[in-house]
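An overview of the molecular structure
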Amino acid sequence: QVQLVESGGGLVQPGGSLRLSCAASGRTLTMGWFRQAPGKDREFVATINASGGSTGYADSVKGRFTISRSNSKNTAYLQMNSLQPEDSAVYSCAARNSAYRGYSSEQYNYWGQGTQVTVSS
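All values derive from a computational prediction rather than experimental measurement.

Below, the discussion takes up the sheet that holds strand β7 (residues 65-70). Taken together, 4 strands build an open sheet; the order of strands is β1-β3-β8-β7 and the sheet is antiparallel. Both edges of this open sheet fall to β1 (4-7) and β7, since each of them pairs with a single strand only. For this sheet, the mean angle separating the axes of adjacent strands, direction not counted, is 15°. Bridge count between β1 and strand β3 (residues 18-24): 4 bridges; the pairing is antiparallel. Within β3, the residue paired with Leu4 across the bridge is Ala24.

What follows is the structure in structure tokens.
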């Protein structure tokens with residue numbers, strides 16, 4: 001059983017940046033970030049494969065967000081730049097028992113509790 005703990009959320013002004021971290025209790029394969037805003041379904045944000053050499057992004061964040069990982073630290077990151085109010089949501093990291101990228105929540109086996117990101121002036 002892998003436990004995931006997110007950190008780094010908070011309040012930021014439009015155009016600002018935040019970096020989220022996801023610390024895993026053990027070695028993980030593919031990692032992903034998802035978000036859920038009030039009244040909306042959870043949506044895919046980004047994924048990174050086990051080696052860190054392959055990534056994927058939702059169209060809404062492509063060019064603004066960057067997913068990365070440190071396997072030595074069992075940690076995944078989500079660098080978020082040019083944040084907009086529509087990016088406000090609870091961001092959750094997830095891990096799946098596969099070395100390949102995953103784009104849907106059903107593909108993931110383990111989930112963190114989430115961290116709130118609020119973009120507002």
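Let us now look at the environment of Val45. By the element assignment, Val45 lies in strand β5 (residues 43-48). Ignoring any residue separated from it by four or fewer positions in sequence, one finds Val45 in contact with Trp33, Phe34, Arg35, Gly56, Tyr57, Ala58, Val61, Phe65, Leu78 and Tyr91.

Turning to its location among the elements, Ser68 is positioned in strand β7. Judged by relative accessible area, Ser68 falls into the partly exposed class, the value being 31%. Beyond its immediate chain neighbours, meaning those up to four positions away, Ser68 contacts Ile48, Ala76 and Tyr77.

Quick look at the nonpolar core now. One finds Leu4, Trp33, Val45, Phe65, Leu78, Met80 and Tyr91 to be the most contacted residues of the largest nonpolar core, which totals 33 residues. For this core, the elements supplying multiple residues, two or more each, are β3, β4 (30-36), β5, β7, β8 (75-80), β9 (89-96) and β11 (115-119). It is β9 that contributes the most residues to this core, 5 residues altogether.

Before going further, it helps to spend a moment on the pattern of salt bridges. Two side chains carrying opposite charge are able to pair once their charged atoms lie near each other. Within this structure, the stated rule accounts for 4 salt bridges. Among the ionic pairs, Asp59 bridges to Lys62, the shortest N-O distance being 3.2 Å. Of the residues examined, Asp59 reaches a relative accessible area of 66% and is grouped as exposed. Residue Asp87 is joined to Arg64 by a salt bridge in which the shortest nitrogen-to-oxygen separation is 2.7 Å. Here the residue Asp87 occupies a position in the loop between β8 and β9, and Arg64 occupies one in the loop between β6 (55-57) and β7, the gap between them amounting to 23 residues.

Parameters at a glance
- Every chain is numbered independently, its residues counted from 1 as its sequence is written.
- Local features are withheld for residues below a pLDDT of 70 in this predicted model, meaning they are given only at 70 or higher, and side-chain atom pairs are given and counted only at 80 or more; totals for whole chains, interfaces and linings count all residues.
- Side-chain descriptors were evaluated using all non-hydrogen atoms of the structure, hydrogens and water having been removed beforehand.
- Note: two strands are recorded as paired if DSSP finds a minimum of 2 bridges between them.
- Numbering of helices and strands runs from the N terminus, with a helix taken as a DSSP run of H or I at least four residues long and a strand as a DSSP run of E at least two residues long.
- Structural elements are reduced to axes, namely lines fitted to C-alpha atoms, with helices fitted over the stretch in contact, and the angle between N-to-C directions of any two is expressed from 0 to 180 degrees.
- Contact criterion: two residues are considered in contact whenever any of their non-hydrogen atoms come within 4.5 Å of each other.
- With a 1.4 Å probe rolled over the protein chains alone, any residue whose accessible area is under 20% of its type maximum counts as buried; one over 50% counts as exposed, and the rest are partly exposed.
- We call a set of buried Ala, Val, Leu, Ile, Met, Phe, Trp, Tyr and Cys residues a nonpolar core when their side-chain atoms join them within 4.5 Å.
- Each reported salt bridge corresponds to a side-chain nitrogen of Lys or Arg within 4 Å of a carboxyl oxygen of Asp or Glu.

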